[in-house]
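# Geometric and topological summary
Residue strings, one per chain:
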Amino acid sequence: MNIKALLGSLLVATSALSPAMAQNYPNKPISLIVPYPAGGPSDFVARKLQPEVAAKLGQTMIIENIGGAGGAIGMAKLINTSADGYTLSLGSPMELVLAPMAIQGVKYKSEDFKLVAQFTTTNTILAVRNSLNVKTVDELLALARKNTDKPLSYGSVGPGSLYHLVGEKFSQLTKVQMLHVPYKGIAPLLTDLMGGQIDMAFLPMAGSIPQTILDGKIQGLAVTAKTPHPLFKQFPAMAAMKGLEAMDFDIWAGVQVHKNTPDTVVAALNKAFYAAADLPDNRKAFEANGSVILPTRTPAELARIYQGEIERYRAIAKSINLQAQ
């Protein structure tokens, strides 16, 4: 079955809990979908939060890694389930906003989800394979312009992912042709980048990525920000470079439910997830891995923020003329 057929088959009508059932929430195990393979930044966040959230809610929480189609297959499964708060997703603008615009087979809309919590944000970093033998953005561009018969390849977690958009924006601004290579998740992408199968990638400064760079397994060049990352100041800010001012991108991680999930259930999840994220050990782990901790927000505040993010990323996609594939 191809991706279009699979995503279509997952999209069915859902039902919400009755008020009485919602009041008794939760009374069975909860599934937290990570829409990428195990080992990536999203998986890292999910597994750090899982024990405390389960303890706060008094129920087992099971993590499901469902990769593919830029995270859309995992999100389609969430929309396929009942809107009862027993299936959640740990996602980002990539799966929620960008995938519906970039993948023809995606049938869900950004507005089909409700944001429960929002924990961290981070910039991306341009990293290259060591054997490329470049240390700066200028050196990379000089190499690319010299070898026009063989475009540099860059990996992403799929068409329409933020890492794809950032790569296309970089290509547009520098007028350097590049070959896009999609993966099911960060973990297999990183393996190929370290192994030299692809030339470069824009990666989140979170999870295992910073340590992988610091260990010298890949070469970091610059972060997609206006100022250097507070924990990794050795990498220059790309958006401060002439001609690359538009290379200012960050990405957040949060938890979502089906839009019809009752408010009482959303409130319970909001409280449990923020309590877990606020634990000193978890805050330390997220910050050590390059993320900036976001403040605790109410469901109403999150609804306003989410709408703003939908508009923001739709504007980015329009700026590079993103076409659904």
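See the structure printed just above.
For the structure given in this document, a descriptive report is provided here. (Residues numbered from 1 in each chain as written. Predicted model: local features only at pLDDT ≥ 70, side-chain atom pairs only at ≥ 80, totals over all residues. Heavy atoms only, no water.)

Right, let's talk about the pairing of strand E3 (residues 87-91) for a bit. The buried fraction of E3 amounts to 5 of the 5 residues, a majority that puts the element mostly inside the structure. Of the two faces of E3, the one holding Thr87, Ser89 and Gly91 and the one holding Leu88 and Leu90 are both buried throughout. Judged from the 3 bridges that link them, strand E1 (residues 30-34) and E3 form a sheet pairing that is parallel. By the bridge assignment for E3, Ile33 is matched with Ser89. Relative to strand E9 (residues 250-258), E3 is paired through 3 bridges, and the arrangement is antiparallel. (Buried < 20%, exposed > 50% of the residue type's maximum accessible area, 1.4 Å probe, protein only. Helix = DSSP H or I, 4+ residues; strand = E, 2+ residues; numbered from the N terminus. Pairing = 2+ DSSP bridges.)

Before going further, it helps to examine the nonpolar core. Ranked by size, the top nonpolar core spans 107 residues in total, and within it Leu140, Phe170, Met200, Leu203 and Phe273 carry the most contacts. A per-element tally of this core places strand E4 (residues 113-128) first, with 9 residues. (Core = buried A, V, L, I, M, F, W, Y, C linked by side-chain atoms within 4.5 Å.)

Residue placement: His258 occurs in strand E9. Assessed through its relative accessible area of 7%, His258 is described here as buried. A polar side-chain atom of His258 sits 3.0 Å from the main-chain amide nitrogen of Asn260. (Polar contact = N/O pair within 3.5 Å; in protein donor to acceptor, adjacent residues only side chain to side chain.)

What follows concerns the layout of surface pockets. What the second largest pocket holds in volume is close to 170 Å³. What lines the second largest pocket is Arg129, Leu132, Leu143, Asn147, Lys150, Pro151, Leu152, Ser153, Gly196, Gln197, Ile198 and Asp199. Within the lining of the second largest pocket, the residues separate by chemical class into 5 nonpolar, 4 polar and 3 charged. (1 Å grid on protein atoms, 1.4 Å probe; cavity = no way out; pocket = protein on both sides within 12 Å on 5 of 7 lines; lining within 4 Å. Points joined across faces, edges and corners; volume = space filled by probe spheres on them. Nonpolar A, V, L, I, M, F, W, Y, C, P; charged D, E, K, R; others polar.)

Tallying each qualifying case throughout the model produces 1 cavity of 30 Å³ or more. Empty space within the largest cavity amounts to approximately 260 Å³. Along its surface, the largest cavity is lined by 27 residues, and Pro41, Ser42, Tyr163, Pro204 and Ala253 are the ones closest to its centre. Here the lining of the largest cavity gets 5 residues from one element, more than from any other, and that element is helix H3 (residues 41-57). Here the residues of the lining of the largest cavity are counted per class, giving 16 nonpolar, 9 polar and 2 charged.

For any pair of aromatic rings, the description rests on two quantities: the centre-to-centre distance and the angle between the ring planes. Under the defined criterion, the tally for this structure stands at 6 aromatic pairs. Pairing Phe44 with Phe286 gives two aromatic rings, centres 6.2 Å apart and planes at 75 degrees, and the pair type is edge-to-face. Note that Phe44 is positioned in helix H3 and Phe286 in helix H11 (residues 280-288), a separation of 242 residues in sequence. Residue Phe44 is classed as partly exposed on the basis of its relative accessible area of 26%. Classification of Phe286 by relative accessible area gives buried; the value is 1%. Residues Phe170 and Phe202 carry aromatic rings whose centres are separated by 5.6 Å and whose planes lie at 65 degrees to one another, so their mutual orientation is edge-to-face. (Phe/Tyr/Trp six-rings, centres within 6.5 Å; stacked < 30°, edge-to-face > 60°.)

Another point: the pattern of salt bridges. Within this structure, the stated rule accounts for 11 salt bridges. A salt bridge links Arg312 to Glu309, with the shortest nitrogen-to-oxygen separation between them at 3.4 Å. Here Arg312 and its partner Glu309 are both found in helix H12 (residues 299-319), 3 residues apart, which amounts to about one turn of the helix. A relative accessible area of 11% means that Glu309 is categorised as buried. (Salt bridge = Lys/Arg side-chain N within 4 Å of Asp/Glu carboxyl O.)

Before going further, it helps to examine the environment of Glu245. With respect to the helices and strands, Glu245 occurs in the loop between strand E8 (219-223) and E9. Relative accessible area serves as the criterion here: at 46%, Glu245 is assigned to the partly exposed category. One polar contact links the side chain of Glu245 to the main-chain amide nitrogen of Gly243, over a distance of 3.1 Å.

Glancing now at unusual backbone geometry. Tyr25 connects to Pro26 through a cis peptide bond whose omega is -5 degrees. Of note, Pro26 is situated in the loop between helix H2 (19-23) and E1. The phi dihedral of Asn133 falls on the positive side, at around 60 degrees, and the residue is not glycine. In this structure, Asn133 sits in the loop between E4 and helix H6 (137-146). A relative accessible area of 64% places Asn133 in the exposed class. A positive phi angle, near 55 degrees, is found at Asn321, a position not held by glycine. For Asn321, a relative accessible area of 55% gives the class exposed.

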